[in-house]
Amino acid sequence: MALQITKAKRIKELPPYLFAEIDRRKREALARGVDLIDLGIGDPDIPTPSPIIEKLVESASKPVNHRYPNSSGMAEFREAVARWYKHRFNVALDPAKEVVSLIGSKEAIGNMAVAFVDPGDIVLVSSPCYPVYHIGTAFNGGENYFLPLKKENQFLPDLDSIPADIARQAKLLWINYPNNPTGAVADKDFFARVVEFANRYNVIVCHDAAYTEMGYDGYRPMSFLEVDGAKEVGIEFHSLSKTFNMTGWRIGMAVGNPELVGGLAQAKSNLDSGIFQAIQEAGIEALNLGDKIVEPSRKIYQERRDILVDGLRAVGLECDKPRATFYVWVSVPKGLSSAEFTAKLLDEAGVVTTPGNGFGAAGEGYVRFTVCVDKTRLKEVAERIRQVKL
Ligand SMILES: Cc1ncc(COP(=O)(O)O)c(C=O)c1O
């Protein structure tokens, strides 16, 4: 008799995969030989800077690096993270207790719930958002309470709108600035309000800071930990992925409150065995070089952002010019849903984008474009969209 295979409830209860339809249409278009411009993915197309690759090659041949790494990261990597935080944000961190290495920030965002969310706990999550925040809650039996990000609030959550009984029961609050998918940024005032909220209701703040280095026109996004009292209530997730064009390498860090960093490290040490040490040594090189190797990518993304936003506006689409991230959050023309507009862009213009509602119900009415293709292709986008019947 065939084995009866039943997936776990947590998998069966995953929200419907809203990108499935767009994936299907994309595959069909490619099979028809359509020349697609893919602005759907947030994955840098620019290669990792060569000094990082050279360091990996050198480090990969050292036998000491072939053994199990420490799950929390090499002392030298954690020291490099602390030095980078001091230099970049003027935030002092104890590398032994306030820094943990991550196999990319995604796993740790999920594992944060393993460490801190019990069944029935409430987690406050933005909508739209990077989906791992609420998936982590759901996988661990918690309840998500969604905070809509609205244009009239500069795409910041309205903390005052959270009912007091929900706030009192909340265990974690996830925030992410510069923001995926809206491209919004947060200032010191907002972060100070978050610290005040966390203290009033005893809520742990998890700030996902993956995009702090992708700021344009001289704008340097801040760390949540720069705000007074932030380290008492929070942990910040960071990643070398977007900063150094290293998404495939899988290396990041979480920093902040030692009890939160320690709790996350404890969960992780039971589930993973850390990052290949040669990659950590390459990561140290990346952090030590810092802006010297980030600035060229920033210039490229800024130029692309201008081309895309100017082009979209020229064909009558409404969007803000993001001050950071490589995402442009575009309002859907009247009469269409996010899914319909995304499908039209794909079928009639060969331009792949992501429907806003794929990031949460409150993303309906928007479509996300990325700038992860070269400028020649980006210049074509507006011309192609001009042909679409809206
Ligand atoms: C907001 C945000 N956080 C975290 C991640 C995960 O990045 P990584 O796991 O590569 O560090 C992403 C990736 O797209 C992201 O957009």
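What counts, and where the lines are drawn
Residues numbered from 1 in each chain as written. Predicted model: local features only at pLDDT ≥ 70, side-chain atom pairs only at ≥ 80, totals over all residues. Heavy atoms only, no water. Near = heavy atom within 4 Å. Polar contact = N/O pair within 3.5 Å; in protein donor to acceptor, adjacent residues only side chain to side chain. Areas by Shrake-Rupley, 256 points an atom, 1.4 Å probe, with all protein chains shown as cover. Helix = DSSP H or I, 4+ residues; strand = E, 2+ residues; numbered from the N terminus. Nonpolar A, V, L, I, M, F, W, Y, C, P; charged D, E, K, R; others polar. Phe/Tyr/Trp six-rings, centres within 6.5 Å; stacked < 30°, edge-to-face > 60°. Buried < 20%, exposed > 50% of the residue type's maximum accessible area, 1.4 Å probe, protein only. Lys NZ or Arg CZ within 6 Å of the ring centre and 35° of its normal. Pairing = 2+ DSSP bridges. Right-handed = clockwise from strand over helix to strand, strands pointing away. Core = buried A, V, L, I, M, F, W, Y, C linked by side-chain atoms within 4.5 Å. Contact = heavy atoms within 4.5 Å. Patch = residues over 30% accessible without salt bridge, like charges linked within 9 Å, V, L, I, M, F, W, Y side chains within 5 Å. Salt bridge = Lys/Arg side-chain N within 4 Å of Asp/Glu carboxyl O. Axes fitted to C-alpha atoms, helices over the stretch in contact; angles between N-to-C directions.

Looking now at the site of the ligand. With respect to spatial proximity, 15 residues lie near the ligand, and among them D208, S239, S241, K242 and R250 are the closest. Taking N180, its side chain carries an N or O atom lying 2.8 Å from an oxygen atom of the ligand. In isolation the ligand offers 400 Å² of accessible surface; the protein chains occlude 92% of this area. For the shell around the ligand, the secondary-structure elements that each account for two or more residues are α5 (105–116) and α10 (240–243). Residue contributions to the shell around the ligand peak at three residues, all from α5. Residues belonging to the shell around the ligand are distributed by class as follows: five nonpolar, six polar and four charged.

This brings us to the packing of aromatic side chains. Under the counting rule described, the total for this entry stands at 17 aromatic pairs. Summarising the aromatic geometry, the rings of F190 and F191 are spaced 5.9 Å apart at their centres and angled 50° between planes, so their arrangement reads as tilted. One exposure class covers both F190 and F191, and it is buried. Aromatic side chains Y301 and F326 sit 5.2 Å apart centroid to centroid with 55° between the ring planes, which places their arrangement in the tilted category. One end of the pair, Y301, is in helix α13 (residues 291–314); the other, F326, is in the loop between α13 and β9 (327–331), with 25 residues separating them in the sequence. Every member of this aromatic cluster is reached through a ring pair, and the members are Y130, Y133, W174 and F237. Over the ring of Y219 we find R323; its NZ or CZ atom is 4.0 Å from the centre of that ring.

Okay, the pairing of strand β3 (residues 122–127) next. With six of its six residues buried, β3 lies for the most part within the structure. Side-chain alternation along β3 places I122, L124 and S126 on one buried face and V123, V125 and S127 on a second face that is also buried. Two strands pair when backbone bridges link them, and β3 and strand β4 (residues 143–148) are joined in this way by six bridges, in the parallel orientation. Bridge pairing in β4 places S126 opposite L147. The handedness of the β3 to β4 crossover, carried by helix α6 (residues 132–139), is right-handed. Examined bridge by bridge, β3 and strand β5 (residues 170–176) share three bridges and lie parallel to one another. Within β5, the residue paired with I122 across the bridge is A170.

Attention now goes to the nonpolar core. Y85, L312, F369 and V381 are the most contacted members of the largest nonpolar core, which totals 101 residues. With sequence-adjacent residues up to four places away left out, Y85 is seen in contact with N90, V91, L93, S223, L225, E236, H238, M253 and V255. Among the nonpolar cores identified, the runner-up in size contains 24 residues, and L102, A108, V117 and V261 belong to it.

Now for a nonpolar patch on the surface. On the surface, I11, L14 and F139 cluster together into a nonpolar patch covering about 210 Å² of accessible area. With respect to the helices and strands, the residue L14 is situated in the loop between α1 (9–12) and α2 (20–31). The partly exposed category is assigned to L14, whose relative accessible area is 34%.

Relative to the elements of secondary structure, N90 occurs in the loop between α4 (75–89) and β2 (99–102). Residues N90 and T48 lie 42 residues apart in sequence; the distance between their C-alpha atoms is 26 Å.

So, on to the sheet that holds strand β12 (residues 366–370). Strands sit in the order β9-β12-β11 across an open sheet of three strands; the sheet is antiparallel. Two strands lie at the open edges of the sheet, namely β9 and β11 (354–355), each paired on one side alone. Direction of pairing for β9 relative to β12: antiparallel, over a ladder of five bridges. Within β12, the position partnered with Y327 by the bridge is T370. Taken strand by strand, α13 contacts β9 and β12, and its axis lies near 10° from that of β9. On top of the sheet, helix α14 (residues 338–349) reaches β11 and β12; it is set at about 40° to β12, its chief contact.

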